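Reading the structure
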Amino acid sequence: MVNEIVKLLCEKNKFVSVAESCTGGMVSSAIVNVSGASGCFCEGYVTYSNEAKEKNLGVSHETLEKYGAVSEQTARQMAQGVRKQAGADFGVATTGIAGPDGGTKEKPVGLVYIACDSAAGTKVIRWVFSGNRMEVRCQATDKALELLLESIRECEE
């Protein structure tokens, strides 16, 4: 899947940037692990703290206060912010609770919001993954890449 992402982006002369919280660089790493990724990957941010989300991505303080770092609204603003910061065609973002601590009844361990922003708009998906911390992060990385591929394909149509 990642090979196809890099191939499609390079063929179309399109670029992606990534903003990650719970995945901590795994999405960016998966992309740059493909030979030729320098032709389509702008930059990646690991914005683990709220302050980093505000400073580097332009996530509003009000959004973080009202909805929290793990929310549809924050994921949306992260994806939009990283795309704008980098001047990329696609912005991908992940934010969630990888565990084993930090979950609540409303926001359980394994909850992840993944967003992709492009000229076609911003898509946000919500997942609740199971497993240990690394398994949650790996599953979130896979879903982020799936969402990016889906968004690239939609922009082709």
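For the structure given in this document, a descriptive report is provided here. (Residues numbered from 1 in each chain as written. Predicted model: local features only at pLDDT ≥ 70, side-chain atom pairs only at ≥ 80, totals over all residues. Heavy atoms only, no water.)

It is worth spelling out the environment of Gly 44 at this point. Counting through the fold element by element, Gly 44 comes out in strand 2 (residues 41-46). A residue is classified by how much of its surface remains accessible, and Gly 44, at 41% relative accessible area, is partly exposed. Spatially, the C-alpha atoms of Gly 44 and Val 27 are 8.8 Å apart, while their sequence positions differ by 17 residues. Ignoring sequence-local partners within four residues, the contact set of Gly 44 consists of Val 18 and Ser 28. (Helix = DSSP H or I, 4+ residues; strand = E, 2+ residues; numbered from the N terminus. Buried < 20%, exposed > 50% of the residue type's maximum accessible area, 1.4 Å probe, protein only. Contact = heavy atoms within 4.5 Å.)

Val 16, Ile 31 and Leu 148 are the most contacted members of the largest nonpolar core, which totals 29 residues. Contributions of two or more residues to this core are made by helix 1 (2-11), strand 1 (16-20), helix 2 (26-32), strand 3 (90-96), strand 4 (111-118) and helix 6 (133-156). Among the elements that make up this core, the one with the highest residue count is helix 6 (eight residues). If sequence neighbours within four positions are ignored, Leu 148 has contacts with Ile 5, Val 16, Ile 31, Phe 90, Val 92 and Cys 116. (Core = buried A, V, L, I, M, F, W, Y, C linked by side-chain atoms within 4.5 Å.)

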